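# Analysis of the macromolecular model
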Amino acid sequence: MSHVMNTYGRQPVAFSHGEGAYLFDTEGKRYLDALAGIAVSTLGHNHPDLVKALAEQAGRVLHTSNLYRIPAQETLADRLAELSQMDEVFFANSGCEANEAAIKLARYYGHKRGVAQPAIVVMEQAFHGRTLATLSATGNRKVQAGFEPLVPGFIRVPFDDIAAVEQVAKTNHDVVAVMLEPIQGEGGIRAAHIDYLKALRALCDAHQWLLIVDEVQCGIGRTGKWFAHQWAGIEPDVMSLAKGLGSGVPIGACLTSGRAKGVFGPGNHGSTFGGNPLACTAGLTTLEVMARDGLLDNATARGTQIREWLAEALDGVAGVTDIRGDGLMIGVELDRPCGELVGMALEAGVLINVTAERVVRLLPPLTFTDADAKSLIAALAPLIRKFLSA
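Right, let's walk through the structure included here. As the structure is a prediction and not an experimental result, all values here were calculated from the model. (Residues numbered from 1 in each chain as written. Predicted model: local features only at pLDDT ≥ 70, side-chain atom pairs only at ≥ 80, totals over all residues. Heavy atoms only, no water.)

## Focus: the overall build of the chain
For clarity, the threshold we go by: The way it works is that DSSP assigns letters per residue, a run of H or I at least four long becomes a helix, a run of E at least two long becomes a strand, and they are numbered from the N terminus. Computation of the radius of gyration draws on C-alpha atoms alone. For the globule rule, the value is 2.2 Å times the number of residues to the power 0.38. A simple rule labels every residue: compare its accessible area, found with a 1.4 Å probe on the protein chains alone, to the largest value its type can have, and call it buried under 20%, exposed over 50%, or partly exposed in between. The contact criterion used throughout is that any non-hydrogen atoms of two residues lie within 4.5 Å. Computed with a 1.4 Å probe, the accessible areas rest on the Shrake-Rupley method; for each residue, only the protein chains presented here act as cover. We count Lys and Arg on the positive side and Asp and Glu on the negative side, and we leave His and both chain ends out. Here the site of a charge means atom NZ of a Lys, CZ of an Arg, CG of an Asp or CD of a Glu.
Each helix and strand counted, the chain has twelve helices and 17 strands in total. Radius of gyration (C-alpha) of the chain: 21 Å, near the 21 Å computed for a compact globule of 390 residues. Structurally, the chain occupies a C-alpha span of about 60 × 55 × 45 Å along its principal axes. The burial tally for the chain puts 54% of its 390 residues in the buried class. Counting contacts in the chain only where the partners sit at least 6 residues apart, residues at least 24 apart contribute 72% of the total. Of the roughly 17,200 Å² of accessible surface on the chain, a fraction of 53% belongs to carbon and sulfur atoms. The averaged location of the 42 negative side-chain charges in the chain is 2 Å from the averaged location of its 34 positive side-chain charges.

Written out as structure tokens, the structure reads:
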């Protein structure tokens, strides 16, 4: 019996290696990976550029700590600032750590403005992590249950509803920030409307609030732009990143600009491992390959193909209520809980996920090819039909 703590409902499979969009289990069976480790394996598996860069870096130095300058960290910060038009980057190890940094920064910003009890407006169905603060910011009672008392200081409103945020502005003078995912991943692949994001930006400006965008899942090219909020043409004050930034090597980042620039100083926040040479090499290589190989355009093209082909293959099928998404962040919503599809797909050699109980979530590597997309539709559409006809 394994001594690994029983915190996951794992599928009955273990993978030995991968190649491109495919993983192979310990028995030699091949699986099409339409999940990419939950939006993590941006470059797919065993990408030669990433393997080479990591091996070379591992042969030099893995870790030194943030007591010293780290050239790769500085270079990666410069590149992220260039792509986002933001000013500062704090490096962490995960999405929840990046969001913790954002929450701490918002509170510190509030205290500097004389707000004794700073509050952050957050969204229903949001997911920001599983640490106590990010769990408290999350809009899902199922994952919060049993961990009370939650961290105070969060005001929850319906997602994509500007009137609800405006009402908070009228009644609560302790608000210092609004925090949201431009596309809710765990919430069911639900995208905020562009007009809503623009209105949020204007409302934050009017009240001198920070606009915090959580791009842990939807950032790093997944929607066809470097960051999902760029579709709305807005500039956030704080942005959190992780998942796809390291293509499988743990890394998180909290970026700041505008009112959030310069809020943190030495001693206000820190990380032992954050931004170490290996992780930053993974981040730099990921961004270099994405730009060189046109993976943003590929995400747009493959995502459009998959959504259109799914719509054709499932046309008229009772029980399919919506097919939505941006780029390679795709949701197929059914009219009933469909967790059973994960096991059915696994047996058929396809890796998928179900979120919000009724949404089949697809998050393939950004290297997904036309042939990979065709194979996905050929396998997945019949499974959905079979499930709905049962």
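After that view of the structure, there is still more to cover.
## Remarks on the environment of Ala202
Assignment of secondary structure puts Ala202 in helix α8 (residues 194-207). When the C-alpha atoms of Ala202 and Leu35 are compared, they prove to be 35 Å apart, with 167 residues separating the residues in sequence.

## A word on the sheet that holds strand β17 (residues 359-362)
Note the cut-off: Note: two strands are recorded as paired if DSSP finds a minimum of 2 bridges between them. Throughout, an axis means a line fitted to C-alpha atoms (over the contacting stretch in the case of helices), and angles, computed between N-to-C directions, take values from 0 to 180 degrees.
Spatial strand order, β13-β14-β17-β16: four strands in an open sheet with antiparallel pairing. Only two strands of the sheet have a single partner each, and these edge strands are β13 (320-326) and β16 (353-355). Neighbour-to-neighbour, the strand axes of this sheet turn through a mean angle of 25°, independent of strand direction. Across the sheet, helix α12 (residues 370-389) is in contact with β13, β14 (329-334) and β17; its angle to β14 comes to roughly 20°.

## Details of the pairing of strand β3 (residues 30-33)
Looking at chain direction, strand β2 (residues 22-25) and β3 are connected through three bridges and run antiparallel. Directly across from Leu23, in β3, lies its bridge partner Tyr31. Hairpin remark: β2 followed by β3, antiparallel, with four residues in the connecting loop; positive phi at Gly28, about 95°. Pairing geometry for β3 and strand β15 (residues 350-351), over two bridges, is parallel. Residue pairing across strands places Leu32 opposite Val350, the latter belonging to β15.

## Considerations on the environment of Arg259
For clarity, the threshold we go by: Pairing of N or O atoms within 3.5 Å defines a polar contact, subject to two protein rules: one partner must be a possible hydrogen donor and the other a possible acceptor, and residues neighboring in sequence count only if both atoms are side-chain atoms.
If you trace the backbone, Arg259 turns up in the loop between β12 (252-256) and α9 (277-292). Here the alpha-carbon distance between Arg259 and Gly275, two residues 16 residues apart in the chain, equals 24 Å. Setting aside anything within four residues of it in sequence, one finds Arg259 in contact with Tyr109, Arg201, Cys204, Asp205, Gln208, Trp209, Leu210 and Asp237. Side-chain polar atoms of Arg259 contact the side chain of Asp205, separated by 3.2 Å.

## Description of the packing of aromatic side chains
Stated precisely, the cut-off is as follows: Between 30 and 60 degrees the pair is tilted, below 30 it is stacked and above 60 it is edge-to-face, where a pair is any two Phe, Tyr or Trp rings, Trp via its six-membered ring, whose centres lie within 6.5 Å. Two conditions define a charge located above a ring, namely a distance within 6 Å from the ring centre to NZ of Lys or CZ of Arg, and an angle within 35 degrees of the ring normal.
Enumeration over the complete set of coordinates arrives at three aromatic pairs. Judged by centre distance (5.4 Å) and plane angle (85°), the rings of Phe15 and Tyr31 are edge-to-face. Taken as a pair, Phe15 in strand β1 (residues 15-19) and Tyr31 in strand β3 lie far apart in primary sequence, 16 residues in all. The interplanar angle of 45° and the centroid separation of 6.2 Å between the aromatic rings of Tyr108 and Phe264 together place this pair among those described as tilted. Taken together, the residues span a long stretch of sequence, with Tyr108 in helix α4 (residues 95-112) and Phe264 in the loop between β12 and α9 at a distance of 156 residues. You can call Tyr108 partly exposed: its relative accessible area is 32%. A relative accessible area of 22% places Phe264 in the partly exposed class. Here Lys225 stacks its cationic end above the ring of Trp231, 4.7 Å away from the centre of that ring.

## Examining the layout of surface pockets
The cut-off we apply is this: Each cavity reported here is a set of points on a 1 Å grid over the protein atoms alone in which a 1.4 Å probe fits but cannot get out, each pocket an open set with protein on both sides within 12 Å along at least five of seven lines, and each lining residue one with an atom within 4 Å of a point. Grid points are joined across faces, edges and corners, and a volume is the space filled by probe spheres set on the points. Each residue receives one of three labels: charged for Asp, Glu, Lys and Arg, nonpolar for Ala, Val, Leu, Ile, Met, Phe, Trp, Tyr, Cys and Pro, and polar for the others, Gly being one of them.
The calculated volume of the second largest pocket comes to roughly 450 Å³. As for the second largest pocket, its lining consists of 20 residues, and the residues nearest its centre are Val89, Phe90, Phe264, Gly265 and His269. Of all the secondary-structure elements, those providing two or more residues to the lining of the second largest pocket are β4 (88-92), α4 and β12. Broken down by element, the residue count for the lining of the second largest pocket peaks at four residues, all from β4. Of the residues that constitute the lining of the second largest pocket, the class distribution is ten nonpolar, nine polar and one charged.

## Some words on unusual backbone geometry
Of note, the bond from Glu148 into Pro149 is cis; its omega dihedral lies within 30 degrees of zero at 5°. Here Pro149 shows up in the loop between α6 (141-144) and β6 (154-157). Here the phi dihedral of Asn46 falls at roughly 60°; this positive angle occurs in a residue that is not glycine. You can see Asn46 is positioned in the loop between α1 (36-39) and α2 (48-58). Overall, the relative accessible area of 43% leaves Asn46 in the partly exposed class.

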